[in-house]
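Listed here are the chains, written in short residue letters.
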Amino acid sequence: MKTAKALNPVVLFLLELSVLGAVLYWGVTHGGAVGFLVGVCGTGLLAELWGLFASPRARFKLHGTARAVFELLWFGAGVAALYATGAHAWAVALALVCVASKCLAHARKA
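Note that the structure is a prediction, hence the values are computed from the model and not measured.

Engineer: Is there a simple way to think about the overall build of the chain in this case?
Structural biologist: Assigned secondary structure in the chain consists of four helices and zero strands. Computed over C-alpha atoms, the radius of gyration of the chain comes to 15 Å, within 12% of the 13 Å expected from 2.2 N^0.38 for 110 residues, which places it in the range of a compact globule. A principal-axis box enclosing the C-alpha atoms of the chain has dimensions of 45 × 35 × 20 Å. Within the chain, the fraction of its 110 residues that count as buried is 29%. For the chain, the proportion of contacts with a sequence separation of at least 24, taken over those separated by at least 6, is 53%. As displayed, the chain offers around 7100 Å² of accessible surface, 74% of which is attributable to carbon and sulfur atoms.

Engineer: Mind showing me how you'd approach the nonpolar core here?
Structural biologist: It is characteristic of soluble globular proteins that their nonpolar side chains tend to be buried jointly. Counting 20 residues, the largest nonpolar core has Trp-74, Phe-75 and Leu-94 as the members making the most contacts within it. For this core, the elements supplying multiple residues, two or more each, are helix 1 (2-30), helix 2 (32-53), helix 3 (64-84) and helix 4 (88-109). Setting aside chain neighbours within four positions, we find Trp-74 in contact with Glu-16, Val-19, Leu-20, Leu-46 and Trp-50.

Here is what the cut-offs are and how they apply
Residues numbered from 1 in each chain as written. Predicted model: local features only at pLDDT ≥ 70, side-chain atom pairs only at ≥ 80, totals over all residues. Heavy atoms only, no water. Helix = DSSP H or I, 4+ residues; strand = E, 2+ residues; numbered from the N terminus. Rg over C-alpha atoms; globule rule 2.2 N^0.38 Å. Buried < 20%, exposed > 50% of the residue type's maximum accessible area, 1.4 Å probe, protein only. Contact = heavy atoms within 4.5 Å. Areas by Shrake-Rupley, 256 points an atom, 1.4 Å probe, with all protein chains shown as cover. Core = buried A, V, L, I, M, F, W, Y, C linked by side-chain atoms within 4.5 Å.

Okay, structure coming up:
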């Protein structure tokens, strides 16, 4: 359990990157130049939102319920993007790893 808690920050970072990659992948598979542009802009928007509200150096750091809702929507966007591309198993895997990692993060604080 100690090892899992110690590695969890790395897993959380990889999950954040996975969400960005999922949105970019959705845009690219959506079709053509417009899909690519939507994927790049969507990825940039999500990265900016994470930087403003959820990163360790966030300007407007969220706490409590607001943070939980933000993360649910943010990680949910990645899961939804994967699901929309037809990568259903990857979407479920991302959702399960997110839940497990967030539970570990909460247990670490307790």
